[in-house]
Amino acid sequence: MRITVDEAKCCGAGQCVLIAPDVFDQRDEDGIVVLLAETPATALNDAVREAAAVCPAAAIHLVEP
């Protein structure tokens, strides 16, 4: 799985960080998503899918093989 994020769409809700903290973080100054792992470990795939699904701004995009 490969992840991309659209920082321009991100509203800083932080749900992704709560669900998958090993993959996502937020900038201190404005709460915009920071991608920590573009290709996370397979064990994190379910959490990443959930984070993408609950993102209110649809700012997380997944490319799966």
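The structure under discussion appears in the preceding block.
Quick caveat, the model's predicted, so the values are computed rather than measured.

1. Focus on the state of the cysteines
- One pass over the full model with this rule turns up zero disulfides.
- With no disulfide partner, Cys 10 has as its closest neighbouring cysteine sulfur the one in Cys 11, 5.9 Å distant.
- Classification of Cys 10 by relative accessible area gives buried; the value is 16%.
- With no disulfide partner, Cys 55 has as its closest neighbouring cysteine sulfur the one in Cys 11, 6.3 Å distant.

2. Focus on the environment of Ala 47
- Mapped onto the fold, Ala 47 is located in helix H2 (residues 45–54).
- The spatial distance from the C-alpha of Ala 47 to the C-alpha of Ile 19 is 6.1 Å, given a sequence separation of 28 residues.
- What Ala 47 contacts, discounting residues up to four positions off in sequence, is Ile 19 and Ala 20.

3. As for unusual backbone geometry
- For Ala 58, which is not a glycine, the phi torsion comes out positive at approximately 50°.
- One can find Ala 58 in the loop between H2 and strand E4 (60–63).

4. As for the nonpolar core
- Counting residues in each nonpolar core, the largest one holds 17 residues, and the members touching the most others are Ile 3, Cys 16, Val 23, Phe 24, Val 48 and Ile 60.
- Counting only elements with at least two residues in this core, the list comes to helix H1 (15–19) and H2.
- In terms of residue count, H2 provides more of this core than any other element does, three residues in total.
- The residues contacting Phe 24, other than those within four sequence positions of it, are Ile 3, Val 5, Cys 16, Val 17, Val 33, Val 34, Leu 35, Leu 36, Val 48, Ala 51 and Ile 60.

What counts and how
- Residues numbered from 1 in each chain as written.
- Predicted model: local features only at pLDDT ≥ 70, side-chain atom pairs only at ≥ 80, totals over all residues.
- Heavy atoms only, no water.
- Disulfide = S-S within 2.5 Å.
- Buried < 20%, exposed > 50% of the residue type's maximum accessible area, 1.4 Å probe, protein only.
- Helix = DSSP H or I, 4+ residues; strand = E, 2+ residues; numbered from the N terminus.
- Contact = heavy atoms within 4.5 Å.
- Core = buried A, V, L, I, M, F, W, Y, C linked by side-chain atoms within 4.5 Å.

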